[in-house]
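# Analysis of the macromolecular model
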Amino acid sequence: MPPLPLTRQPIVIAHRGASGYLPEHTLPAKAYAHAIGADFLEQDVVLTKDDVPVVLHDIYLDSVSDVAGRFPERHRADGRFYAIDFTWAEIQQLRASERFHHEKGTPIFSGRFPIHASAFAIPSLEEELTFIAGLNKSTGRNTGIYPEIKQPAFHRKAGKDISRIVLDVIDRTGWGEPTQRIFIQCFEADETRRIRQELGCRLPLIQLLASEWKERVQPGQLTGLEKALDDVRTYADGIGPALTHLLLQRDADGFLQTSPLVEAAHQRGLQVHPWTIRRDELPQTVESLETLHSTLFLKLGVDGVFSDFPDLTVAYVKSRFG
Ligand code: CA
């Protein structure tokens, strides 16, 4: 299929919703991100025991819910509580929380929403997509969705075809229509390719770049990088690199060295949507949020970014591109 036109005004993707302000992947975090003007709202998706896709970052429940207190016997030998071992009816009984260290019980981000506070739930994918469609209707906006298919190989080992199930929910909720704004993302390249070639999905696909790309983006590796991107181009519309794939290091003079990844991707018609902008966890190579925004949008020319603080990133984009 022909590549999508590269966007001029970059898009802001609310990473797990407005997760800098409210517990990730709760409907209030999505509502807030919608209200503060994010262009897309992200969903990470895993399956329950009874094959219901739920919006959850990990295959585990114990870092973002009260599962250990409510179902204390239901962990595996490794001590973890897996969403795939619980039915949707059981997951609906859980309270969602701001993310915490599951062993220590302390918050990941001390400055964010308190852990185990107020009342939040883990939504099913269908509940969430219906919710966002409802907000788009009542506000007249056309905010997009950005579902990530999590760990397809893990699900396949359990006899589950997560991609097929997620694509079915997207279709049933009307999000597969041409007027909708949507990207589908996945880390596992074999699966992203399968979604396009075997499942026949025509929606825009983003290949997330895992750690093996760290080597490919180093100076002097351009031939290998271009070959890898030529392959991605055969089945995807864009790439989702980590910030560390773009911002390499500071040299002795303090000059920030960036990788050739964005330019090489653009030469192949691939969009570039890096992750993740966090006001409270900047990459070591930049000294401020302003520098991070200007490097990504002005120096490198990325087409979009994932941000935990979408209001700050939207404000930057509007000030420069508006
Ligand atoms: Ca994700």
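We now examine the overall build of the protein. Scanning the protein from N- to C-terminus turns up twelve helices and eleven strands. The C-alpha radius of gyration computed for the protein amounts to 19 Å, which stays within 12% of the reference 20 Å derived for 322 residues, consistent with globular compactness. A principal-axis box enclosing the C-alpha atoms of the protein has dimensions of 55 × 45 × 45 Å. Taken across its 322 residues, the protein has 53% of its residues classed as buried. For the protein, the proportion of contacts with a sequence separation of at least 24, taken over those separated by at least 6, is 70%. Of the accessible surface of the protein, which amounts to about 14100 Å², a share of 50% is contributed by carbon and sulfur atoms. A distance of 2 Å separates the average location of the 36 positive side-chain charges in the protein from that of its 43 negative side-chain charges.

Look at helix α4 (residues 125-139): 21 Å from first C-alpha to last across 15 residues, which is about the 21 Å you get at 1.5 Å a residue. Each element contacted by the buried residues of α4 is listed here: α1 (27-35), β2 (40-47), β3 (53-55), β4 (144-149) and α6 (162-172). Directly after α4, the chain includes G140, whose backbone phi takes a positive value near 75°.

A separate point is the environment of P10. Tracing the backbone shows P10 in the segment before β1 (11-14). Separated by 262 residues in sequence, P10 and V272 have C-alpha atoms that sit 9.8 Å apart. The residues contacting P10, other than those within four sequence positions of it, are D39, F297, V302, D303, G304, V317 and F321.

Secondary-structure assignment places S63 in the loop between β3 and α2 (67-70). In contact with S63, not counting residues within four places along its chain, are R80, E98, R99, F100 and H102.

Here the focus is the layout of surface pockets. Quantified by volume, the largest pocket comes out at close to 360 Å³. Lining of the largest pocket is provided by 20 residues; of these, H15, R16, W275, T276 and R278 occupy positions nearest its centre. Split by residue class, the lining of the largest pocket holds eight nonpolar, five polar and seven charged.

Here the focus is the pattern of salt bridges. The full count for this structure, using the stated rule, is 29 salt bridges. Across the pair R70 and D66 runs a salt bridge whose closest N-O atoms are separated by 3.1 Å. Residue D66 is classed as buried on the basis of its relative accessible area of 18%. Close ionic contact of D237 with R196 constitutes a salt bridge, the shortest N to O distance being 2.8 Å. With D237 in the loop between α9 (222-233) and β7 (238-240) and R196 in helix α7 (residues 189-197), the pair connects residues that are 41 residues apart, well separated along the chain. Residues D237 and R196 agree in their burial class; the two are buried. One continuous salt-bridge network, built from bridges that share partners, spans R156, D161, R164, E191, R194 and E198.

Before going further, it helps to spend a moment on the state of the cysteines. Per the stated rule, a full pass over the model turns up zero disulfides. The structure places no disulfide on C201, whose sulfur is separated from the nearest cysteine sulfur, that of C186, by 12 Å.

What follows is about the side chain of K160. Of note, K160 is situated in the loop between α5 (152-157) and α6. Take K160: its relative accessible area is 13%, and that puts it in the buried class. In this structure the side chain of K160 is engaged in a polar contact, spanning 3.0 Å, whose partner is the backbone oxygen of K49. Here K160 is in contact with L47, T48, K49, D51, I84 and H155, once residues within four sequence places are set aside.

Compared with the 16 Å implied by 1.5 Å per residue over twelve residues, the 16 Å span of helix α12 (residues 310-321) between its first and last C-alpha is a close match. Residues of α12 that are buried: P310, T313, V314, Y316 and V317. Considered in projection along α12, the buried side chains sweep an arc of 160° and stay on one side of the axis. Set apart from the buried face of α12 by more than 90 degrees, the exposed residues are K318 and S319. Residues of α12 that are buried make contact with β1, α1, α11 (289-300) and β11 (304-307).

With that out of the way, let us pick up the environment of F100. Counting through the fold element by element, F100 comes out in the loop between α3 (88-91) and α4. Once residues lying within four places of it in the same chain are set aside, the contact partners of F100 are D62, S63, V64, S65, G105, T106, P107, I108, I115 and H116.

Turning to the nonpolar core, a few remarks are in order. I170, I184, L229, I239, L261, L296 and V302 are the most contacted members of the largest nonpolar core, which totals 61 residues. L22, L61, I84 and F86 belong to the second-largest nonpolar core, a separate cluster that totals 22 residues.

Criteria and cut-off values
- Residues numbered from 1 in each chain as written.
- Predicted model: local features only at pLDDT ≥ 70, side-chain atom pairs only at ≥ 80, totals over all residues.
- Heavy atoms only, no water.
- Helix = DSSP H or I, 4+ residues; strand = E, 2+ residues; numbered from the N terminus.
- Rg over C-alpha atoms; globule rule 2.2 N^0.38 Å.
- Buried < 20%, exposed > 50% of the residue type's maximum accessible area, 1.4 Å probe, protein only.
- Contact = heavy atoms within 4.5 Å.
- Areas by Shrake-Rupley, 256 points an atom, 1.4 Å probe, with all protein chains shown as cover.
- Lys, Arg positive; Asp, Glu negative; His and termini not counted.
- Charge placed at Lys NZ, Arg CZ, Asp CG, Glu CD.
- Expected span 1.5 Å × (residues − 1).
- 1 Å grid on protein atoms, 1.4 Å probe; cavity = no way out; pocket = protein on both sides within 12 Å on 5 of 7 lines; lining within 4 Å.
- Points joined across faces, edges and corners; volume = space filled by probe spheres on them.
- Nonpolar A, V, L, I, M, F, W, Y, C, P; charged D, E, K, R; others polar.
- Salt bridge = Lys/Arg side-chain N within 4 Å of Asp/Glu carboxyl O.
- Disulfide = S-S within 2.5 Å.
- Polar contact = N/O pair within 3.5 Å; in protein donor to acceptor, adjacent residues only side chain to side chain.
- Arc of directions from axis to C-beta.
- Core = buried A, V, L, I, M, F, W, Y, C linked by side-chain atoms within 4.5 Å.

Functional significance is not addressed by these values, which are geometric in nature.
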